[in-house]
Amino acid sequence: MKRVLNDFRPFLGLFCASTGRKLLGGAALAALTGLMGMALLGLSGWFITATALAGLVPATAWAFDVFMPSAAIRLFALGRTAARYGERLVTHDATLGLLAALRGRLFRGWSAPGAARALAMRPARLLFRLTADVDALDTVYLRVLVPLGTTLVATLAAGIALAFISPALGVAVFAVLMLTGTFVAGITARSATPATLRRAARIETLRARVIDLASGQTDLLMAGRIPAQRAALAEVDARLAADDHRLNRIEARAGLAHGLLAAVLPALVLVAAAAIAAGGHIGAPGVALALLITMAATEPFAALRRGALDFARARLAARRTGPALLCAAFPVGAEPAPGLAAELHHVTLRHDAALAPILRDLSLSVREGEHIALIGPSGVGKTSVIQCLAGDLPPTAGSVRVTATARLTQRTELFRDGLRENLRLGAPMASDAQMMAVLAQAGLESIIHALPSGLDTELGDGGQGLSGGQARRLTLARLMLRDVPLWLLDEPTEGLDGETARDVLARLRHAAGNRATITATHIRREAEDADRLLILGDGGIKASHIRGSPGFEAALNDLRPD
Ligand SMILES: Nc1ncnc2c1ncn2[C@@H]1O[C@H](COP(=O)(O)OP(=O)(O)OP(=O)(O)O)[C@@H](O)[C@H]1O
């Protein structure tokens, strides 16, 4: 039990903090709806039986008060409808609020440096976690907590109502409902757990394989591996179907247990109430009341049964999303000393999966407005320094103080979305006029004007529909929307032809203005305008050359020509 609570703790924390009151209100209204339904059924049964009996004798027929019970029945019927309506409004509002808070918190947690990189390597898993885990947590409230509360309240209310007829009957019905309910829900949740966990893992595998098949079709076809990939998919699918079958059987068994409870318990209560009636303590209407209250009290168990089936999946989701939920805020970096854009002091950098650090004891100060080029052989750690300054790779030792930055990554990152939306990732509030201005600065104005839908043009996966040069210019325009004092540029013109690359660089320099820039590069054209060249090597900065010095020219000459 303690472990279950620990798994759900981050989620329950968010639950209470976001829409806790509404969620409790919704649960209370759900319980009230159940109570009203029970009272309506019980009182109606009592009323119909009592009026039938009263009508048999003229004296009682005249004396029988039909107004009070029928008014109460109307009150319960209207009250039940109103409570149900209120419950739907409140629970839906609360659930949507909770979902919004959950997604926001998860996105923030997953965009933390380590988590973001780990998930980026497994996009299928990220997709699954974003959708299935959130959906599973969404069911905790509506399918587990609300039915649990409603069942408890209904069981208690039935016990108390029947205790007025006979205390022993009340206690017995309460005990049977509690024991059977707990037992069936417990056994269902327990026996469904292995199949549910296997199913969750298999759906993840199935999605990953489908994505592999779709995105790697050409390579698989050329290697003659399409049949093997299809067979692997079919196998996972068959296993998934077997898990579904097992879960269906568990659900059917739980349904049978619930059906037996709903049939046997009212029958036993009928016999017991009839015996009490024979003793003269209650009349036939009392027997009808006891029977119908018992029948109504077994109803909420159907919802609890479904909740028990979903419980293992929800627990797994809570366990998997817990760390991201706890990691609520972006780490806010310290500002550098006045006049500086970035300061690294004795920094050690190491990637999670790497055995040894890439860079050790790295110290560097970047002045405001200074242009620095980081050069050195492939794999020496240039991108890692950029990642560290962008807050994407926290140092394992030393300190990093850096002003607000914007980064142009080595790979052009565009998304299947509109041009406008792709640009707005850089500045969510940017107006169309601002976007057209940066597109013009990036050299894309005429191309955008020629597009029939302009900024509304939809891009394909990864920005398909644009040439490599156009895609790079678009990411450049996005960078230009970020009005920050330091730009981090990772091989900004790699892969572009010489003419396009020179044009992009010229526009980049013009747009940078008084900003500081740090450019990781192998190519001469990207480094030649720098104020300082830093050569990385041997796990640190091997040499530093100021513009105009002989070392600067020699280092430039070692770089790849255009
Ligand atoms: N996520 C990662 N996990 C483990 N090791 C990594 C990771 N990213 C990079 N590395 C390793 O860290 C080292 C430095 O990589 P980095 O990308 O910083 O080099 P680079 O100088 O920018 O190389 P290039 O010029 O080829 O882009 C490399 O040996 C690389 O294999």
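Here the structure is a predicted model, which means the values were calculated and not measured.

S.K.: Help me understand the overall build of the chain in this model?
M.R.: A count of helical and extended segments in the chain gives 18 helices and nine strands. Relative to the globule expectation of 24 Å for 562 residues, the C-alpha radius of gyration of the chain, 34 Å, shows a markedly less compact shape. Overall, the C-alpha framework of the chain stretches about 120 × 50 × 50 Å when taken along its three principal axes. Buried positions account for 44% of the 562 residues belonging to the chain. Here the analysis covers contacts within the chain between residues at least 6 apart in sequence; of these, 76% occur between residues at least 24 apart. Roughly 28,400 Å² of accessible area belongs to the chain as shown, and the carbon and sulfur atoms make up 62% of that amount. Looking at charge distribution, the chain has the averaged site of its 59 positive side-chain charges lying 10 Å from that of its 47 negative ones.

S.K.: Mind showing me how you'd approach the nonpolar core here?
M.R.: Where a protein is soluble and globular, its nonpolar side chains tend to be buried together. In terms of nonpolar packing, the biggest core is built from 33 residues, with Leu-423, Leu-439, Leu-474 and Trp-487 touching the most fellow members. Of all elements in the fold, only β5 (405–408), α12 (419–424), α13 (432–441), α15 (468–480), β6 (486–490) and α16 (498–512) reach the threshold of two or more residues within this core. With residues near it in sequence (within four places) discarded, Leu-423 still touches Met-435, Leu-439, Leu-455, Leu-474, Ala-477, Arg-478 and Leu-481. In this structure, Leu-364, Ile-372, Leu-389 and Ala-516 belong to the second largest nonpolar core, which totals 26 residues.

S.K.: Explain the pairing of strand β3 (residues 371–375) to me, please; I cannot follow it from the model alone.
M.R.: Across a regular strand the side chains alternate sides, sitting on one face of the sheet and then on the other. Most of β3 sits out of view: four of its five residues are buried. When β3 meets strand β8 (residues 532–537), the two strands line up parallel, connected through four bridges. By the bridge assignment for β8, Leu-374 is matched with Leu-534.

S.K.: Can you help me understand the site of the ligand in this one?
M.R.: Taken together, 14 residues are adjacent to the ligand, and Ser-378, Gly-379, Thr-383, Ser-384 and His-522 come closest. Between the ligand and Ser-384 there is a distance of 2.5 Å, counted from an oxygen atom to a side-chain nitrogen or oxygen. Within the complex, the protein chains bury 66% of what would otherwise be the 640 Å² of accessible surface of the ligand.

S.K.: Explanation requested: helix α9 (residues 284–298) in the structure shown.
M.R.: Every α-helix winds through 3.6 residues per turn, so residues three or four apart in the chain are directed the same way. Between its terminal C-alpha atoms α9 stretches 22 Å, which fits the 21 Å expected from 15 residues at 1.5 Å a residue. For α9, a buried count of eleven out of 15 residues is recorded, marking the element as mostly surrounded by other parts of the structure. For α9, the complete set of buried residues consists of Pro-285, Gly-286, Val-287, Ala-288, Ala-290, Leu-292, Ile-293, Thr-294, Ala-296, Ala-297 and Thr-298.

S.K.: What is the right way to look at the pattern of salt bridges in this model?
M.R.: Pairing between side chains of opposite charge can happen when the charged atoms of each approach one another. A complete count under the given rule lists 29 salt bridges for this structure. Among the salt bridges present, the one from Arg-313 reaches Asp-133, with a minimum N-O distance of 2.8 Å. With Arg-313 in helix α10 (residues 300–326) and Asp-133 in helix α5 (residues 123–165), this pair connects stretches of sequence that are 180 residues apart. When salt bridges that share partners are traced, they join Asp-133, Glu-204, Arg-313 and Arg-320 into one network.

S.K.: Honestly, the sheet that holds strand β2 (residues 359–367) in this entry has me stumped. Any pointers?
M.R.: Backbone hydrogen bonds are what pair the strands of a sheet, in a parallel or an antiparallel way. Reading across from one edge, β2-β1-β4 is the order of the three strands in this open sheet, with antiparallel pairing throughout. The two strands at the open ends of the sheet, each matched to only one other strand, are β2 and β4 (397–402). Strand-to-strand twist in this sheet, taken as the mean axis angle between neighbours without regard to direction, amounts to 10 degrees. Relative to β2, strand β1 (residues 340–349) is paired through six bridges, and the arrangement is antiparallel. Note that in β2 the partner of Leu-344 across the bridge is Leu-364. Packing against the sheet, helix α11 (residues 382–389) makes contact with β1, β2 and β4, and its axis sits at approximately 120 degrees to β1.

S.K.: Can you help me understand the packing of helix α6 (residues 167–215) against helix α8 (residues 226–278) in this one?
M.R.: When two helices pack together, you describe them by how their axes are tilted relative to each other and by the distance separating the axes. Orientation of α6 relative to α8, taken along the N-to-C sense of each, is 170 degrees, at an axis distance of 9 Å. Considered as vectors, α6 and α8 are oriented roughly antiparallel to each other.

S.K.: Please explain the domain arrangement of the chain as it appears in this structure.
M.R.: Interface extent is often summarised as the accessible area lost during association of the parts. The domain architecture assigned to the chain consists of domain 1 (2–326) and domain 2 (340–558). Relative to domain 2, the C-alpha centre of domain 1 lies at a distance of 52 Å.

S.K.: I keep staring at the UniProt feature "domain: ABC transporter" (unreviewed entry) in the chain and nothing clicks. Help me out?
M.R.: Under the UniProt annotation, "domain: ABC transporter" (unreviewed entry) lies at residues 342–559. Between the first and last C-alpha atoms of residues 342–559 the distance is 25 Å; the span itself is 33% helix and 25% strand.

S.K.: It is not clear to me how the environment of Arg-367 should be interpreted in this structure. Could you clarify?
M.R.: By the secondary structure assignment, Arg-367 is in strand β2. The exposure class of Arg-367 is partly exposed, given its relative accessible area of 47%. Measuring from C-alpha to C-alpha, the distance between Arg-367 and Ala-334 comes to 16 Å, with 33 residues separating the pair along the chain. For Arg-367, the contacting residues outside a window of four places in its chain are Gly-339, Leu-340, Ala-341 and Ala-516.

S.K.: I'm lost on the sheet that holds β3 in this one. Help?
M.R.: Spatially, the six strands line up as an open sheet ordered β5-β6-β7-β3-β8-β9, and their pairing is mixed. The open sheet has two edge strands, β5 and β9 (540–546), and neither has a second partner. Each strand axis lies, on average, 20 degrees off the axis of its neighbour in the sheet, ignoring direction. Where β3 and strand β7 (residues 516–520) come together, four bridges link them in parallel fashion. Bridge pairing in β7 places Ile-372 opposite Ile-518. α15 contacts β5 and β6 of the sheet and is inclined by roughly 180 degrees relative to β5.

S.K.: How do you make sense of a nonpolar patch on the surface when you look at a structure like this?
M.R.: Together, Leu-256, Leu-260, Val-264 and Leu-268 make up a nonpolar patch on the protein surface, roughly 390 Å² of accessible area in all. By secondary structure assignment, the location of Val-264 is in helix α8. Val-264 sits in the partly exposed class, given a relative accessible area of 41%.

Criteria and thresholds
- All residue numbers refer to position in the chain's written sequence, counted from 1.
- It should be noted that, the model being predicted, local features are given only for residues of pLDDT at least 70 and side-chain atom pairs only at 80 or more, the latter also being counted only at that level, while totals for whole chains, interfaces and linings use all residues.
- Only hydrogens and water are removed before side-chain values are computed, so all heavy atoms of the structure are retained for them.
- Secondary structure elements are defined from DSSP: runs of H or I of at least 4 residues count as helices, runs of E of at least 2 residues count as strands, and each element is numbered from the N terminus.
- What the globule rule says is 2.2 Å times the number of residues to the power 0.38, and the radius of gyration is computed from C-alpha atoms.
- When accessible area is computed with a 1.4 Å probe and restricted to protein chains, residues below 20% of their type maximum are described as buried, those above 50% as exposed, and intermediate ones as partly exposed.
- Whether two residues are in contact is decided by their heavy atoms: any pair within 4.5 Å suffices.
- With residues, only the protein chains shown are counted as cover, and all accessible areas are computed by Shrake-Rupley using a 1.4 Å probe.
- Charge counting treats Lys and Arg as positive and Asp and Glu as negative, with His and both chain ends excluded.
- Lysine's charge is taken at NZ, arginine's at CZ, aspartate's at CG and glutamate's at CD.
- Side-chain atoms within 4.5 Å are what join buried Ala, Val, Leu, Ile, Met, Phe, Trp, Tyr and Cys residues into a set we call a nonpolar core.
- Whether two strands pair comes down to DSSP finding at least two bridges between them.
- A single heavy atom is enough: if one lies within 4 Å of a molecule or strand, its residue is considered near that molecule or strand.
- Polar contacts here mean pairs of N or O atoms no more than 3.5 Å apart (in protein, one a potential hydrogen donor and the other a potential acceptor; neighbouring residues in sequence count only if both atoms are side-chain atoms).
- Working rule for helices: expected span equals 1.5 Å times residues minus one.
- The salt bridge definition used is simple: a Lys or Arg side-chain nitrogen within 4 Å of an Asp or Glu carboxyl oxygen.
- In this description, a line fitted to the C-alpha atoms serves as the axis of each element, helices being fitted only across the stretch in contact, and the angle between N-to-C directions of two axes falls anywhere from 0 to 180 degrees.
- By definition in this entry, angles of less than 35 degrees are roughly parallel, angles greater than 145 are roughly antiparallel, angles of 65 to 115 are roughly perpendicular, and the rest are oblique.
- Where each domain begins and ends is defined by an automated method or by a domain database.
- UniProt positions are given in the numbering used here, feature names are shortened, and annotations may be inferred rather than shown by experiment.
- Two distance rules govern patches: like charges are joined within 9 Å, and nonpolar side chains (Val, Leu, Ile, Met, Phe, Trp, Tyr) within 5 Å, applied only to residues with over 30% relative accessible area and no salt bridge.

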